[in-house]
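As a plain string of letters, each chain reads:
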Amino acid sequence: MKPLIGICALGRPETLEKCLTALWQHTDRLQYELAILDQDAIPQVKEIIKDAYLDFDLVLHNNFNTGIVFGHNYLMSLRK
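So, here is what we can say about the structure in this document. Every value quoted in this text rests on a predicted model; they were computed, and no experiment measured them.

Here we look at the overall build of the protein chain
Then step 1. Regarding its fold elements, the protein chain presents three helices and three strands.
Then step 2. Walking the protein chain from its N terminus toward its C terminus, one meets helices and strands in the order β-α-β-α-β-α.
Then step 3. For a compact globule of 80 residues, the expected C-alpha radius of gyration is about 12 Å, and the protein chain comes in at 12 Å, within 12% of that figure.
Then step 4. C-alpha atoms of the protein chain, sized along the principal axes, occupy 30 × 30 × 20 Å.
Then step 5. By residue count, 32% of the 80 residues in the protein chain fall in the buried class.
Then step 6. Counting only contacts in the protein chain whose residues sit at least 6 apart along the sequence, the fraction spanning at least 24 positions is 71%.
Then step 7. Of the roughly 5400 Å² of accessible surface on the protein chain, 57% is carried by carbon and sulfur atoms.

Here it is in structure tokens:
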């Protein structure tokens, strides 16, 4: 099983876009899996996630913001 790199997305669309670009440019996709969790993000972030959908191994959506800690715990629970 490949190590999982997970991102919880809430707001800050410019920062998210820069992070995703850096991940795609510097991550060996044969070595890692990428996951993104939409934590009831703002519309601009939802659009970035929608555009990036094919570049992720997992795209998950929460209907409300569970917070960063619970979001990351949820992503990590996928590995059990």
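Some thoughts on the nonpolar core
Then step 1. In terms of nonpolar packing, the biggest core is built from 14 residues, with Leu 16, Leu 20, Ile 36, Ile 49 and Phe 56 touching the most fellow members.
Then step 2. The dominant element in this core, judged by the number of residues it contributes, is helix α2 (residues 43-52), at four residues.
Then step 3. Once residues within four sequence positions are removed from consideration, Ile 49 is found in contact with Ala 9, Leu 16, Ile 36, Asp 38, Val 59 and His 61.
Then step 4. With five residues, the next largest nonpolar core counts Cys 8, Ala 35, Leu 37 and Leu 60 among its residues.

Regarding unusual backbone geometry
Then step 1. Of note, Arg 12 is a non-glycine position whose phi angle comes to about 55 degrees, a positive value.
Then step 2. With respect to the secondary-structure elements, Arg 12 resides in the loop between β1 (4-9) and α1 (13-26).
Then step 3. The residue Asp 40 is not glycine, and still its phi comes out positive at about 50 degrees.
Then step 4. Locating Asp 40 in the fold gives a position in the loop between β2 (33-39) and α2.

Quick look at the sheet that holds β2
Then step 1. Spatially, the three strands line up as an open sheet ordered β1-β2-β3, and their pairing is parallel. The two strands at the open ends of the sheet, each matched to only one other strand, are β1 and β3 (58-62). Averaged over all pairs of adjacent strands, the angle between their axes in this sheet comes to 15 degrees, without regard to strand direction.
Then step 2. In the sheet, β2 pairs with β3 via five bridges, with the strands oriented parallel. Paired with Asp 38 across the bridge in β3 is His 61.
Then step 3. Of the strands in this sheet, β1 and β2 touch α1, which is tilted by about 170 degrees from β1.
Then step 4. Where helix α3 (residues 68-77) meets the sheet, it contacts β1, β2 and β3, and its direction lies at approximately 145 degrees from that of β1.

Rules and cut-offs
Residues numbered from 1 in each chain as written. Predicted model: local features only at pLDDT ≥ 70, side-chain atom pairs only at ≥ 80, totals over all residues. Heavy atoms only, no water. Helix = DSSP H or I, 4+ residues; strand = E, 2+ residues; numbered from the N terminus. Rg over C-alpha atoms; globule rule 2.2 N^0.38 Å. Buried < 20%, exposed > 50% of the residue type's maximum accessible area, 1.4 Å probe, protein only. Contact = heavy atoms within 4.5 Å. Areas by Shrake-Rupley, 256 points an atom, 1.4 Å probe, with all protein chains shown as cover. Core = buried A, V, L, I, M, F, W, Y, C linked by side-chain atoms within 4.5 Å. Pairing = 2+ DSSP bridges. Axes fitted to C-alpha atoms, helices over the stretch in contact; angles between N-to-C directions.

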